[in-house]
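One-letter residues, chain by chain:
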Amino acid sequence: MKRLIVLVLAAWMLAGCSTNASNGAGGTDPNERGPGEVAESSKPRNKAPDVSSEELAGLAGDNADFAWAFYREITEPGKNLFFSPHSLSVALAMTWAGARGTTESEMAEALRFRLGQERLHVAFNGLD
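Residues numbered from 1 in each chain as written. Predicted model: local features only at pLDDT ≥ 70, side-chain atom pairs only at ≥ 80, totals over all residues. Heavy atoms only, no water.

A. How the structure looks around unusual backbone geometry. Although it is not a glycine, Arg 112 sits at a positive phi angle of roughly 65°. Take Arg 112: it is sitting in the loop between α4 (101-111) and α5 (117-127). (Helix = DSSP H or I, 4+ residues; strand = E, 2+ residues; numbered from the N terminus.)

Okay, structure coming up:
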């Protein structure tokens, strides 16, 4: 079950990262951005979050656990593979921020998020 959840979430996240020619990308809409343009939030980012070294080390270790578990699930003998486990963790942490109940707990277990909602996002900000 955990494997299925992780694979579905990863596929969903990766699909969201691809471009879609039918959406008019590159058109004249001023809200669309072309290659090389930066999209930024208008909200300020806390560049010095209050996060302990223990939280950072725990998050890094948890991300490594997730990375190796995910790698073991998707690797095929004799085939090359490239993926970014940190990017997957960051993107899915943003999704997890909106999850509640069973979904929240199953995602946390599959993604190896041991810090709670209130500390995980602060720790990711500190890790970045």
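What follows picks up the thread again.
B. Local environment of the nonpolar core. If you look at the biggest cluster of nonpolar residues, it comprises 17 residues, and the most contacted ones within it are Trp 96, Leu 111, Phe 113, Leu 120 and Phe 124. Of all the secondary structure elements, the ones that give two or more residues to this core are α2 (53-74), α3 (85-96), α4 and α5. By residue number, the principal contributor to this core is α3, which donates 4 residues. (Core = buried A, V, L, I, M, F, W, Y, C linked by side-chain atoms within 4.5 Å. Buried < 20%, exposed > 50% of the residue type's maximum accessible area, 1.4 Å probe, protein only.)

C. Expanded view of the packing of aromatic side chains. One pass over the structure, following the stated rule, counts 6 aromatic pairs. Between Trp 68 and Tyr 71, the ring centres sit 5.8 Å apart and the planes meet at 85°, which makes this aromatic pair edge-to-face. Here Trp 68 and its partner Tyr 71 are both found in helix α2, 3 residues apart, which amounts to about one turn of the helix. Its relative accessible area of 53% is what places Trp 68 among the exposed residues. Here Tyr 71 falls in the partly exposed class, since its relative accessible area comes to 32%. Put simply, the rings of Phe 66, Trp 68, Phe 70, Tyr 71 and Phe 83 pair up and form one aromatic cluster. (Phe/Tyr/Trp six-rings, centres within 6.5 Å; stacked < 30°, edge-to-face > 60°.)

D. The packing of α3 against α5, seen in detail. Viewed as axis vectors pointing N to C, α3 and α5 meet at an angle of 145°, and their least axial separation amounts to 11 Å. The chirality of how α3 crosses α5 is left-handed. Facing His 86, Ser 89, Val 90, Ala 93 and Trp 96 of α3, the residues of α5 in contact are Gln 117, Leu 120, His 121, Phe 124 and Leu 127. When the residues that make up the contact of α3 with α5 are grouped by side-chain class, the tally is 6 nonpolar, 4 polar and no charged. (Axes fitted to C-alpha atoms, helices over the stretch in contact; angles between N-to-C directions. Left-handed = near helix turned anticlockwise from the far one by under 90°. Contact = heavy atoms within 4.5 Å. Nonpolar A, V, L, I, M, F, W, Y, C, P; charged D, E, K, R; others polar.)

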